[in-house]
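# Structural overview
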Amino acid sequence: MKYRELNIQTQREFPNNARTQGFGWLVRAGYITRENEILPLGEQVAKQIHDSIPTLSNERETYFQLSTGSTEIIHCPSCKYAERRELAQFIKTPFSDEAPLAVEKILTPDCPTIEALANFLSIPKEKTAKALMFTRVADSRFVFVVVRGDMTLSEEKLRRAVGDVRMATAEEIQSAGAAAGYASPIGLKGALIVVDDLIPRSPNLAAGANDAGYHLVNTNYGRDYSAEIVTDLIQADAGHLCAKCNHALELTSALLLSSASEIYFENILLALAETHHDDKGLTLPKSAAPFDVYLMHVPGKQMDTRAQAEEIYQTLKSAGVKVLFDDRDERAGVKFNDADLIGCPIRITAGEKALREDKVEVKGRMSAQVELVERNALVEYALKA
Ligand SMILES: [Zn+2]
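Residues numbered from 1 in each chain as written. Predicted model: local features only at pLDDT ≥ 70, side-chain atom pairs only at ≥ 80, totals over all residues.

## Digging into the sheet that holds strand E2 (residues 62-65)
Read across the open sheet, the five strands follow the order E1-E2-E15-E3-E4; overall the sheet is antiparallel. Across the chains shown, the open sheet's two edge strands, defined by having one partner strand only, are strand E1 (56-57) and strand E4 (82-84). Across two bridges, the pairing between E1 and E2 is antiparallel. Its bridge partner being in E2, Ser57 is matched across the sheet by Thr62. Against the sheet, helix H6 (residues 265-275) makes contact with E2 and strand E15 (250-258), and its axis sits at roughly 125 degrees relative to E15, the strand it touches most. (Pairing = 2+ DSSP bridges. Helix = DSSP H or I, 4+ residues; strand = E, 2+ residues; numbered from the N terminus. Contact = placed C-beta atoms within 7 Å. Axes fitted to C-alpha atoms, helices over the stretch in contact; angles between N-to-C directions.)

## A short note on the environment of Ile91
Structurally, Ile91 is set in strand E5 (residues 90-91). Overall, Ile91 belongs to the exposed group, with 12 C-beta atoms counted inside 10 Å. Each C-alpha atom, one on Ile91 and one on Cys245, is 9.6 Å from the other, the two residues being 154 residues apart in sequence. The contact partners of Ile91, leaving out residues within four places of it in the chain, are Leu241, Ala243 and Asn246. (Buried ≥ 20, exposed ≤ 12 C-beta atoms within 10 Å, placed from the backbone.)

## Thoughts on helix H4 (residues 155-162)
For H4, the complete set of buried residues consists of Lys157, Leu158 and Val162. Projection of H4 onto a plane perpendicular to its axis shows the buried side chains occupying an angular sector of 115 degrees, all on one side. If you follow the buried residues of H4, they end up packed against strand E7 (129-136), strand E8 (142-148), strand E9 (165-167), strand E10 (192-196) and strand E13 (229-231). Looking one or two residues past H4, Gly163 carries a phi angle of roughly 100 degrees, positive in sign. (Arc of directions from axis to C-beta.)

## Let's talk about the nonpolar core
Of all hydrophobic cores here, the largest spans 64 residues; its most connected members are Leu26, Val293 and Leu295. Top contributing element to this core by residue count: H6, with six residues. In this structure, this core is formed jointly by two domains, domain 1 (53-88 + 250-275) and domain 3 (293-384), each of which donates at least three residues. If we ignore the near neighbours within four places in the chain, the residues touching Leu295 are Ala309, Ile312, Tyr313, Val323, Leu324, Phe325, Asp326 and Ile348. (Core = buried A, V, L, I, M, F, W, Y, C linked by C-beta atoms within 7 Å. Domains from an automatic or database assignment.)

## Quick notes on the sheet that holds strand E17 (residues 323-326)
Taken together, five strands build an open sheet; the order of strands is E17-E16-E18-E19-E20 and the sheet is mixed. The open sheet is flanked by E17 and strand E20 (370-374), the only strands paired with a single partner. When the angles between neighbouring strand axes are averaged without regard to direction, this sheet yields 25 degrees. The sheet contact formed by strand E16 (residues 293-297) and E17 spans four bridges and is parallel. When the bridges of E17 are listed, Met296 appears paired with Asp326. Helix H7 (residues 305-318) rests against E16, E17, strand E18 (346-350) and strand E19 (359-364) of the sheet, and its axis sits at about 160 degrees to E16. Of the strands in this sheet, E16, E17 and E18 touch helix H8 (residues 332-342), which is tilted by about 175 degrees from E16.

## Thoughts on the environment of Met296
Residue placement: Met296 occurs in strand E16. Each C-alpha atom of the pair Met296 and Ala350 lies 6.2 Å from the other, and the pair is 54 residues apart in sequence. Residue contacts for Met296: discarding those within four places in its chain leaves Asp326, Lys335, Ala339 and Thr349.

## What to know about the pairing of E7
As judged from the seven bridges shared by E7 and E8, these two strands associate in the antiparallel manner. Within E8, the residue paired with Lys130 across the bridge is Val147. Where E7 folds back on E8, the antiparallel hairpin that results is connected by five residues, among which Ser140 adopts a positive phi of roughly 60 degrees. Where E7 meets E9, three bridges bridge the pair, whose relative direction is antiparallel. Note that in E9 the partner of Arg136 across the bridge is Val165.

## Things to note about the environment of Ala354
Within the secondary structure, Ala354 is located in helix H9 (residues 352-356). Classification of Ala354 by C-beta neighbours within 10 Å gives partly exposed; the count is 19. A sequence separation of 21 residues divides Ala354 from Arg375, and the C-alpha atoms of the two residues are 9.8 Å apart. With residues near it in sequence (within four places) discarded, Ala354 still touches Lys359, Val360, Glu361 and Leu372.

## Description of the domain arrangement of the chain
Bring the parts together and some accessible area is lost; that lost area is often taken as the interface size. As assigned here, the chain comprises domain 1 (53-88 + 250-275), domain 2 (104-231) and domain 3 (293-384). Computed from C-alpha atoms alone, the centre-to-centre distance between domain 1 and domain 3 is 38 Å.

Have a look at this one:
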């Protein structure tokens, strides 16, 4: 492929909207636009990704860890478990195994939050029941969710259990018989009660009394109320224990590289650029580079070096080497810069002096050395590099 056919536009400056180094290099090297559209050079890469990127994956999706990535994932450094945060599994440990005590209604003024309640009662948040109230979109049924006070609901897990929901309005909460800030499922009529699977193993929780300003202490699932659905509803967090191997889980930002139905080429390119660049541009491995060789000529004084380079181009191409031939009559420095930016593994330079001895200059992208290689040994060199 020739440089001019690909319409490559390299850039001298980092784009001012670059969120990461990798993105900046991709734009400067002409793989993508500032608007993150893939250019022909990027398409060459996307066609042939192999194992050049360290990834995390599960049976549905593949991720690349990146601090600016928009997908939060939970992963286990020990067994490599990886999952979107909102769906990740972890081990839940009951806070206590004490016997159920008698329920008691107590005055708890100004305690509409878990923090305030735990402070007021001098108990840990683990001993409280957090109430979250929704309305199911499909049938407008009031959905009352209970999770332990120290935990965070995963709305995605709730959705998978009951279908789409929205936050309940003040009117809906009132007509269900609940009191906002002081709510519990005890005594509600007609509500779809859904509790996290840790709740039946959590005795003597403080919960709302459905009476503003009052809570019940020592509520117990099974004795005081029960649920239509008991399932895992909790969002995983860093430090939770892996359900597969018990190791502490980590929370990280990532790019989604592929799902069961789609491959996200822009993200794959970005992941490649993040892991393969130096201070001059991209440094792509052969398995991911759009071309094996960046071939260029340095305009000669007496010799038509471009015609010689064209011959080399044809020879390499017919031997199966993927070549990007920079056939522009630019200064050598400009082409060297572009070669470094674009990041093909090998650069071959056809210059007058070496050509007189039937040789060309060859330099690996990651190497500081320039070698002289016989023209008739070039195919073999390029194929094994
Ligand atoms: Zn694990």
